[in-house]
Amino acid sequence: MIKLQRTKQFCCITIFVLLAISLFIGNVSADTNVEPLHLIAAHNQTGQDNPYQIGMLKFKEVVEELSDGAMTVAVHAGTLGTSEPELVEKLQIGAADVIITSPGFMTASGIREVDMLALLYLFESYDHWVKAIDGEPGQEIADIIYEKSKGDFKIIGNWSAGARHYYGKKPIYSLEDVQGLTIRTQTSGVVAEFWKQASAIPTSVAWGELYQALQQGVVDSAENAYVYLVQQSHHLARNGKYLSETAHDWTTRFMLIDGNKFNGYSEEQQNIILEAAQASSDAEREAVMKDDVAYKQKAIDEGMIVNEVDIEPFVELAIPIQDELAAELDLESLLQKIRDAK
């Protein structure tokens, strides 16, 4: 009788162990259903505590976690290029799989519609930007870019770079103060057109070379958000002492992937990439908003002189440029949707 009980106990234990092994194997199989894939992700910022780097590291973390290590991501912080056109080219030739770039620097792709998000004073505030970019207008632009590029450019996330301001060798208080100043900015499309109409001189300088350009007087001024200019010590350069809060651009940064390659990935890989892209966008935006306050104070503490600006004349200059581009591209309804999102 005792022997029979022991036999039953042994059988139960054996069955339990076999079930446990079966479940473990099943879980391992489920985890390893994701096919191996190595992605190269790149942006043009070199600082390790930069919001771009924070966003990309979150992308890497989520991709590798959700795939149980089957998918890996190598993050390049400025090492594949500090010029955004360089990164776009790297994506096109397959030297990078995921990149961050601005609408203004994508005009070389020939997709004029991208310029809609490069328009200055298009958004009144960060909340306005979020509502538009995460809503119907943002999706419409993403669809246009995908279609016009024949799938080469697929937007998988929209990042922010905060509000861009003028900074240079002197403060500005009005449009008249900008006249004759060389300003480092995007030199093509509507961005350059705005500064030209303000009687400034748009100038092209690679991001990694801008400190020296400001220090040596190659350019009189530049424009960017606090976090980026301070991390590069632009506020300490000879021509970077003054910042005037023009808030001319609540910026969008595209997280791009080659759509044709993406379509060739398995459904599991695609879902993981999209989920990681959303997580990275959330992390990057949060870092930008937090850093905007901290780096403004750091700039002031280190001697930068900051002044407010009556932006109404600047807005009045920008609106006809917005209207003209929308009419030229037959996107008046899109422009209205963006304006209505506020």
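Residues numbered from 1 in each chain as written. Predicted model: local features only at pLDDT ≥ 70, side-chain atom pairs only at ≥ 80, totals over all residues. Heavy atoms only, no water.

Side note on the overall build of the chain
(1) Moving on: What the chain contains, in helices and strands, is twelve helices and nine strands.
(2) Moving on: When each of the 342 residues of the chain is scored for burial, the buried share is 51%.
(3) Moving on: Counting only contacts in the chain whose residues sit at least 6 apart along the sequence, the fraction spanning at least 24 positions is 75%.
(4) Moving on: About 15700 Å² of surface is accessible on the chain, with carbon and sulfur atoms providing 53% of the total. (Helix = DSSP H or I, 4+ residues; strand = E, 2+ residues; numbered from the N terminus. Buried < 20%, exposed > 50% of the residue type's maximum accessible area, 1.4 Å probe, protein only. Contact = heavy atoms within 4.5 Å. Areas by Shrake-Rupley, 256 points an atom, 1.4 Å probe, with all protein chains shown as cover.)

Thoughts on the pattern of salt bridges
(1) Moving on: Taken as a whole and judged by the stated rule, the model has 16 salt bridges.
(2) Moving on: Across the pair Asp-134 and Arg-285 runs a salt bridge whose closest N-O atoms are separated by 2.8 Å. Linking Asp-134 in the loop between α4 (126–133) and α5 (136–148) with Arg-285 in helix α10 (residues 267–301), this pair joins segments that are 151 residues apart in sequence.
(3) Moving on: For Lys-296, the salt bridge goes to Glu-245, with nearest N and O atoms at 3.1 Å. Remark: Glu-245 occurs in strand β8 (residues 242–257) and Lys-296 occurs in helix α10; sequence separation between them is 51 residues.
(4) Moving on: Since its relative accessible area comes to 28%, Lys-296 is described here as partly exposed.
(5) Moving on: Under the relative-accessibility criterion, Glu-245 is labelled buried at 18%.
(6) Moving on: The network of salt bridges with shared partners includes Arg-112, Asp-115 and Glu-328. (Salt bridge = Lys/Arg side-chain N within 4 Å of Asp/Glu carboxyl O.)

Focus on α4
(1) Moving on: Within the sequence span of α4, burial applies to Tyr-126, His-128, Trp-129, Ala-132 and Ile-133. Taken down its axis, α4 places every buried residue within 160° of arc, on the same side. Seen from the buried face of α4, the exposed residues on the opposite side, beyond 90 degrees, are Asp-127 and Lys-131. (Arc of directions from axis to C-beta.)

A look at the nonpolar core
(1) Moving on: Counting residues in hydrophobic clusters, the biggest one holds 57 residues, and the most contacted among them are Met-116, Phe-123, Ile-145, Phe-194, Trp-195 and Phe-314.
(2) Moving on: Among the secondary structure elements, those contributing two or more residues to this core are α3 (84–93), α4, α5, β4 (154–168), α6 (189–197), β8, α11 (312–328) and α12 (332–340).
(3) Moving on: A per-element tally of this core places α11 first, with seven residues.
(4) Moving on: In this structure, Phe-123 is in contact with Leu-117, His-128, Trp-129, Ala-132, Trp-250 and Ile-338, ignoring residues within four places of it in sequence.
(5) Moving on: With 44 residues, the next largest nonpolar core counts Leu-39, Ala-41, Trp-159 and Met-304 among its residues. (Core = buried A, V, L, I, M, F, W, Y, C linked by side-chain atoms within 4.5 Å.)

Structural notes on the side chain of Thr-185
(1) Moving on: Summarising the element assignment, Thr-185 is placed in the loop between β5 (182–184) and α6.
(2) Moving on: Polar side-chain contacts of Thr-185 include one of 3.0 Å to the side chain of Glu-223.
(3) Moving on: Not counting chain neighbours up to four residues away, the residues in contact with Thr-185 comprise Val-191, Trp-195, Pro-202, Thr-203, Ser-204 and Glu-223. (Polar contact = N/O pair within 3.5 Å; in protein donor to acceptor, adjacent residues only side chain to side chain.)

What to know about the confidence of the model for the chain
(1) Moving on: Per-residue confidence for the chain gives a mean pLDDT of 89, with 89% of residues at or over 70.
(2) Moving on: In this model residues 1–31 is a low-confidence stretch, pLDDT under 50, and it forms two contacts with partners more than four residues away in sequence or in other chains. (pLDDT = per-residue confidence, 0-100.)

Brief notes about the side chain of Asp-97
(1) Moving on: For Asp-97, the position within the fold is in the loop between α3 and β3 (98–101).
(2) Moving on: A polar contact of 2.6 Å, which involves the side chain of Asp-97, links it to the side chain of Lys-261.
(3) Moving on: For Asp-97, the residues in contact, after removing those within four places along its chain, are His-38, Leu-39, Ile-40, Leu-91, Leu-256, Ile-257, Asp-258, Lys-261 and Tyr-265.

Focus: the pairing of β8
(1) Moving on: Burial runs high along β8: 15 of the 16 residues are buried.
(2) Moving on: With four bridges joining them, β3 and β8 adopt antiparallel strand pairing. Note on β8: the bridge partner recorded for Ile-100 is Met-255.
(3) Moving on: Direction of pairing for β8 relative to strand β9 (residues 305–308): parallel, over a ladder of four bridges. Its bridge partner being in β9, Glu-245 is matched across the sheet by Glu-308. (Pairing = 2+ DSSP bridges.)

With respect to unusual backbone geometry
With the exception of glycine, most residues fall at negative phi, and the peptide bonds are largely trans.
(1) Moving on: A positive phi angle, near 60°, is found at Tyr-121, a position not held by glycine.
(2) Moving on: Residue position: Tyr-121 is located in the loop between β3 and α4.
(3) Moving on: Phi is positive for Lys-150, close to 55°, though the residue is something other than glycine.
(4) Moving on: Topologically, Lys-150 is positioned in the loop between α5 and β4.

A word on the packing of aromatic side chains
Two aromatic rings, taken as a pair, are described by how far apart their centres are and by the angle between their planes.
(1) Moving on: Using the criterion set out here, one finds seven aromatic pairs in the structure.
(2) Moving on: Connected via pairs of aromatic rings, a cluster forms that spans Tyr-52, Trp-159 and Tyr-228.
(3) Moving on: Over the ring of Tyr-146 we find Lys-154, and its NZ or CZ is 5.6 Å from the ring centre. (Phe/Tyr/Trp six-rings, centres within 6.5 Å; stacked < 30°, edge-to-face > 60°. Lys NZ or Arg CZ within 6 Å of the ring centre and 35° of its normal.)

Brief notes about the pairing of β4
(1) Moving on: Burial runs high along β4: 14 of the 15 residues are buried.
(2) Moving on: When β4 meets β8, the two strands line up antiparallel, connected through eleven bridges. Opposite Trp-159, over in β8, you have Arg-253 as the bridge partner.
(3) Moving on: Here β4 pairs with strand β7 (residues 221–224) via four bridges, running antiparallel.

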